[in-house]
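Each chain, written out:
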Amino acid sequence: MVVQVLNDLAIKKYAEFVGAINFATEQLAPLEALINRMKPGNALPGDWRVPKPDDLRKELAKARKDLEDLKAHAVKYEIELKSREWRV
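Residues numbered from 1 in each chain as written. Predicted model: local features only at pLDDT ≥ 70, side-chain atom pairs only at ≥ 80, totals over all residues. Heavy atoms only, no water.

Asker: Could you give an account of the overall build of the chain, naming the residues involved and the relevant values?
Answerer: Within the chain one finds four helices and zero strands. Element order for the chain, N to C, with α for helix and β for strand: α-α-α-α. Counting across all 88 residues of the chain, residues that qualify as buried make up 11%. Carbon and sulfur atoms provide 61% of the accessible area of the chain, an area that totals close to 7,500 Å². (Helix = DSSP H or I, 4+ residues; strand = E, 2+ residues; numbered from the N terminus. Buried < 20%, exposed > 50% of the residue type's maximum accessible area, 1.4 Å probe, protein only. Areas by Shrake-Rupley, 256 points an atom, 1.4 Å probe, with all protein chains shown as cover.)

This is the structure we're talking about:
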């Protein structure tokens, strides 16, 4: 009985984890649109500076890859994650 409750909780936690990864991935699309609208500007010394659009595109690609790798890792260990108690 207790084992089944823990398994149900682990399955729920795994679903929340994968859902959070998917949500984070979805939130990157508006950022891409924003970066595509940016124009590289020349800031004067002492002014606020924003990274150039190309630099932001590289960071966005890295974030996407990291999320994809995390999801692939989660899928690889899905059975193990669903069968054990999650601890923080």
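The rest of the description comes next.
Asker: Could you give an account of helix 3 (residues 53-76), naming the residues involved and the relevant values?
Answerer: Each α-helix winds once per 3.6 residues, and so residues spaced three or four apart point in a common direction. For helix 3, with 24 residues, the first-to-last C-alpha span of 34 Å sits near the 34 Å given by 1.5 Å per residue. All buried positions along helix 3 are accounted for by Pro53, Leu60, Leu67 and Ala74. (Expected span 1.5 Å × (residues − 1).)

Asker: Could you give an account of the packing of helix 2 (residues 28-37) against helix 3, naming the residues involved and the relevant values?
Answerer: How two helices pack is summed up by the angle between their axes together with the distance between the axes. Running from amino to carboxyl end, helix 2 crosses helix 3 at an angle of 165 degrees, the nearest separation of the two axes being 10 Å. Considering the angle they form, helix 2 stands roughly antiparallel to helix 3. Once helix 2 is placed against helix 3, the crossing between them reads as left-handed. Contacts between helix 2 and helix 3 involve Leu28, Ala29, Leu31, Glu32, Ile35 and Asn36 on the former and, on the latter, Pro53, Leu56, Arg57, Leu60, Ala63, Arg64 and Leu67. Looking at the contact of helix 2 with helix 3 residue by residue, the class counts come to nine nonpolar, one polar and three charged. (Axes fitted to C-alpha atoms, helices over the stretch in contact; angles between N-to-C directions. Parallel < 35°, antiparallel > 145°, perpendicular 65-115°, else oblique. Left-handed = near helix turned anticlockwise from the far one by under 90°. Contact = heavy atoms within 4.5 Å. Nonpolar A, V, L, I, M, F, W, Y, C, P; charged D, E, K, R; others polar.)

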